[in-house]
Amino acid sequence: MTKIAIIGNGLSGRLAALYLDKHLPGAELTMIDPDVPNKPIVGESTIEMTSQFFLSLGLGTYLEENQRHKYGLTYYFPRPAMDGDMEAPGAAGAMAEKGAMAETEAAAEASPVAGAGGGPDYILHEAPGVIRLPAYNLNRFTFDDELARRVAPLVRKVTGKVTEVEISDEPGGQQTIHVMDKAGETSTVTADHVIDCSGRARLLAKQMGLEQDPPFQRSSYWFRLAGFDRSILNGLNVDKPRHHCYDSYSVTHHFYGKGYWIWIIPMQGEDGEDLASVGVTYRPEILGEKAMNQDKMLDLLSRDHPRVRALIETGRKVDEARYYNYMYEARQYYDTRGRWFLLGDSGFTFDPAGSLGIAYLGHQIPQITSMILKAGQGMLTPAYVEAMEGHVQAELYKQDQLSQRYPVMDDPIKLSWTLVFNYMAYFHLFLPDYMTGAFLNGGVAKRTMKLLMRKPAEMIPVAYAFPQIMDKLSERAKEKGNGAEIIATAAHFHKAVPFNFYRGDNLKRGRVAAAYLYKRGLLRAKALRLLHWWREPSLWPMVAGQYLRTGGEWLLALLLVLRPRIYERPASKDPAMMSAFDPQYSFLFPEEAASRGRPGMGRPDGGTADRKPARAKDEAGQMPAGVTATTGNA
Ligand SMILES: Cc1cc2nc3c(=O)[nH]c(=O)nc-3n(C[C@H](O)[C@H](O)[C@H](O)COP(=O)(O)OP(=O)(O)OC[C@H]3O[C@@H](n4cnc5c(N)ncnc54)[C@H](O)[C@@H]3O)c2cc1C
């Protein structure tokens, strides 16, 4: 019987336990945690990947009945300011304080694009309709309680703090975990695999000297708000495509300023009442502020987003927490022999922008499971582990990109276009890699790492789209006041992003990647047109280069439309490098695979084709046939 020790009973530990129980039904799971009360909990906004992962854990009905829907990430871009513009964001805010601002979308419609003498305060990027794949804004306190309730019968619980983990060098040897309880009593747990989910305690990274500084720091301050007047959010003076699909309150709201951004996540309180998580994340050296608190946050809002301040002032703070310079990394996340793994915050921390944190748990947990399955089959190779490690590095590349965005967060032109590209890449490239399970193939993971190769901090270039074009457009917008048009018309948020995927097994990744390249070229051409470059000969060399790039992107798109399989070529056919899940989408949808007569667990080439479908936990608690049982003492 495979024995797995999970250190930490936070979100990572609980999700790992639920997933492992489902995909390694005979494994013995031990969870160790000191159970300290009142730990700070953060991370309420999910994205489509996160929800798919939750649904695969059987949480669908629970989420529908107990948590609130989230209809995408909504970005508020202040209309760019011009010299002497009394309607610009700060000025607009001041007017709002006097009650002079238009309160409704209808008012914004009457003057949809800002210009001299009026118009909306914000240009919005908002999903144009209900995205087919659901997402939720979680009340993490009730959600985590539900997870604990579900995990309890699946694990052997040990209450205490892990003080040390001895990693065995013997082939097939067991790891020994030393635990101390509140009374100072010590005990040991042995396991074939140790998953460190100890969060910011970073147990294994510290013990093994794997800690590493990230290229950039971040700080966060957040609180939960009750009793507020939510009509203020609905009533902001905004420019966006009109729709009748959902209440625009039910999204994750993002507001920006130089060196910082603010989230508002509406959620459901314990008794069904409105609650919101409100937080600010910032780079202290750019914002010029070290330790944030509510008063300082309100000052910031008075300057940049007065209506958000007004919203906060109608409510009551329920709790608060802050992390100062909280980013860290590790030099290694997965052991090449599969003895230990760092999961979640025990390995590295996330910038909450884009709500990628829990979504990446939905990657790491299947990665770890795939490695454990392979180890059980005697098929785990260092090359496969390094490929999975490479995928983690690619995720950290995204964190570097987010870090580099803080200097331009007060530039709505650069930021709005960049976020369109992020969304496009997410829906066209990363979501298909996830839903199909392709990211668990060593070859695909290596390609992702090569495409998103990290660089040392000093070599990371600016992180906004089409820098040469955007620098010019941003300058022009300030001079001529056509910024709103550049954000709202050209970026085509609702047209560029394919919000309509709904199944993992039918995604033709090559075709979807072709669409990405085509749209990328198209957006570049649109941006160039907005420059009116034909009137300015000094721009012509730059413009020629940009059109050449567009041509290249379109050629590549055409090639992928004609031969979409080219996109699949990096996927390895070597069983040692393939996902342990067969078919590969069964890491998420085992029931679907089973209903098509495919077992959906373990690769047949690893001798596990005769396994039971997932969920069918062996009554005798044995590993299903085909998985090499490793023995050990309790
Ligand atoms: C400001 C902020 C906002 C975020 N917002 C989002 C968001 O909106 N969406 C999103 O997807 N993600 C978000 N994230 C990321 C998300 O919150 C984290 O990825 C997630 O909470 C990590 O959980 P964890 O289980 O790894 O760590 P934790 O929740 O910290 O759990 C660690 C556990 O380990 C236990 N432990 C510690 N030491 C020991 C020991 N020695 N022995 C045994 N047990 C031990 C602790 O008691 C605890 O139970 C956000 C992160 C931050 C910082």
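Just above, that's the structure.
Residues numbered from 1 in each chain as written. Predicted model: local features only at pLDDT ≥ 70, side-chain atom pairs only at ≥ 80, totals over all residues. Heavy atoms only, no water.

A.B. asks: Whenever I open this one, the site of the ligand confuses me. Can you help?
C.D. replies: If you check the shell around the ligand, you find 33 residues, and the closest are S12, D33, K39, V42 and I358. Here S12 contributes a side-chain N or O atom positioned 2.6 Å from an oxygen atom of the ligand. Coverage of the ligand by the protein amounts to 91% of the 1,000 Å² it exposes when considered alone. Contributions of two or more residues to the shell around the ligand are made by helix 1 (11-23), strand 2 (28-33), strand 8 (161-166), strand 13 (219-226) and helix 12 (357-376). Across the shell around the ligand, the residue classes tally to 15 nonpolar, 12 polar and six charged. Residues lining the shell around the ligand come from more than one domain, with at least three contributed by each of domain 1 (3-44 + 139-212 + 328-379) and domain 2 (66-134 + 215-323). (Near = heavy atom within 4 Å. Polar contact = N/O pair within 3.5 Å; in protein donor to acceptor, adjacent residues only side chain to side chain. Areas by Shrake-Rupley, 256 points an atom, 1.4 Å probe, with all protein chains shown as cover. Helix = DSSP H or I, 4+ residues; strand = E, 2+ residues; numbered from the N terminus. Nonpolar A, V, L, I, M, F, W, Y, C, P; charged D, E, K, R; others polar. Domains from an automatic or database assignment.)

A.B. asks: Looking at this model, I keep getting lost on the sheet that holds strand 2. Mind explaining?
C.D. replies: Sheets are built from strands that pair by backbone hydrogen bonding, the pairs being arranged parallel or antiparallel. Pairing in this open sheet of five strands is parallel, and the strands run 7-2-1-11-20 from one edge to the other. A single partner strand is all that each edge strand has here, and the edge strands are strand 7 (156-159) and strand 20 (340-342). Strand-to-strand, the axes of this sheet are offset by a mean angle of 20 degrees, without reference to chain direction. Strand direction decides the pairing type here: strand 1 (residues 3-7) and strand 2, joined by five bridges, are parallel. Bridge assignment links I6 to a residue of strand 2, and that residue is M31. Strand contacts of helix 1: strand 1, strand 2 and strand 11 (193-196), with the helix running at about 175 degrees to strand 2, the strand carrying the most contacts. (Pairing = 2+ DSSP bridges. Axes fitted to C-alpha atoms, helices over the stretch in contact; angles between N-to-C directions. Contact = heavy atoms within 4.5 Å.)

A.B. asks: I'm lost on the sheet that holds strand 17 (residues 274-282) in this one. Help?
C.D. replies: With mixed pairing, eight strands are arranged side by side in an open sheet as 14-5-4-15-16-17-13-18. Both edges of this open sheet fall to strand 14 (238-239) and strand 18 (316-323), since each of them pairs with a single strand only. Pairing analysis gives five bridges linking strand 15 (residues 252-257) to strand 16 (residues 260-268), with the strands arranged antiparallel. Opposite H254, over in strand 16, you have W263 as the bridge partner. The sheet contacts of helix 14 (residues 412-435) involve strand 4 (73-78), strand 5 (122-125) and strand 15, and relative to strand 4 the element is tilted by about 160 degrees.

A.B. asks: Help me out: how do you make sense of a negative patch on the surface in this one?
C.D. replies: A cluster of like negative charges, contributed by D145, E270, D271 and E273, occupies part of the molecular surface. On the secondary structure map, D271 appears in the loop between strand 16 and strand 17. (Patch = residues over 30% accessible without salt bridge, like charges linked within 9 Å, V, L, I, M, F, W, Y side chains within 5 Å. Salt bridge = Lys/Arg side-chain N within 4 Å of Asp/Glu carboxyl O. Lys, Arg positive; Asp, Glu negative; His and termini not counted. Charge placed at Lys NZ, Arg CZ, Asp CG, Glu CD.)

A.B. asks: What is the right way to read the packing of aromatic side chains from this model?
C.D. replies: For the structure shown, the criterion picks out 30 aromatic pairs. Look at F54 and F143: their rings are 4.9 Å apart centre to centre, the planes differ by 40 degrees, and that puts the pair in the tilted class. Taken together, the residues F54 in helix 2 (residues 48-56) and F143 in helix 6 (residues 140-151) connect sequence positions 89 residues apart. Exposure remark for F54: the relative accessible area of 0% places this residue in the buried category. These aromatic residues form a ring-pair network of at least three members: Y75, F77, Y256, Y423, Y426 and F427. (Phe/Tyr/Trp six-rings, centres within 6.5 Å; stacked < 30°, edge-to-face > 60°. Buried < 20%, exposed > 50% of the residue type's maximum accessible area, 1.4 Å probe, protein only.)

A.B. asks: I tried to follow the side chain of S12 on my own but got confused; where do I start?
C.D. replies: Residue placement: S12 occurs in helix 1. Not counting residues within four places of it along the chain, the set of residues in contact with S12 comprises C197, L343, G344, D345, L361 and I365.

A.B. asks: Mind showing me how you'd approach the pairing of strand 2 here?
C.D. replies: Along any regular strand, the residues point their side chains to alternate faces of the sheet. By the criterion of burial, strand 2 is predominantly enclosed, with five of the six residues buried. What joins strand 1 to strand 2 is helix 1, and the crossover it makes is right-handed. Both strand 2 and strand 7 contribute to a ladder of four bridges, which runs parallel. Residue pairing in the sheet places D33 in a bridge with T159 of strand 7. (Right-handed = clockwise from strand over helix to strand, strands pointing away.)

A.B. asks: So what exactly am I meant to see when it comes to unusual backbone geometry here?
C.D. replies: Excluding glycine, most residues fall at negative phi; most peptide bonds, likewise, are trans. Here the bond from D582 into P583 is cis, since omega is -5 degrees, no more than 30 degrees from zero. Of note in this structure, N38 is not a glycine but carries a positive phi near 55 degrees. Turning to its location among the elements, N38 is positioned in the loop between strand 2 and helix 2. Owing to a relative accessible area of 78%, N38 belongs among the exposed residues under this scheme. Despite not being glycine, S355 has its phi angle at roughly 55 degrees, a positive value.

A.B. asks: It is not clear to me how the packing of helix 14 against helix 19 (residues 509-530) should be interpreted in this structure. Could you clarify?
C.D. replies: For any two helices packed against each other, one specifies the crossing angle of their axes together with the interaxial distance. The contact between helix 14 and helix 19 brings their axes to 9 Å, and the two run at 170 degrees. As summarised for this structure, helix 14 and helix 19 are arranged roughly antiparallel, according to the angle between their axes. The segment helix 14 lies against helix 19, with W417, V420, F421, M424, A425, F427, H428, L429, P432 and D433 engaging R509, V512, A513, A515, Y516, K519, R520, L523, A527 and L530. Of the residues contributing to the contact of helix 14 with helix 19, the split by class is 15 nonpolar, one polar and four charged. (Parallel < 35°, antiparallel > 145°, perpendicular 65-115°, else oblique.)

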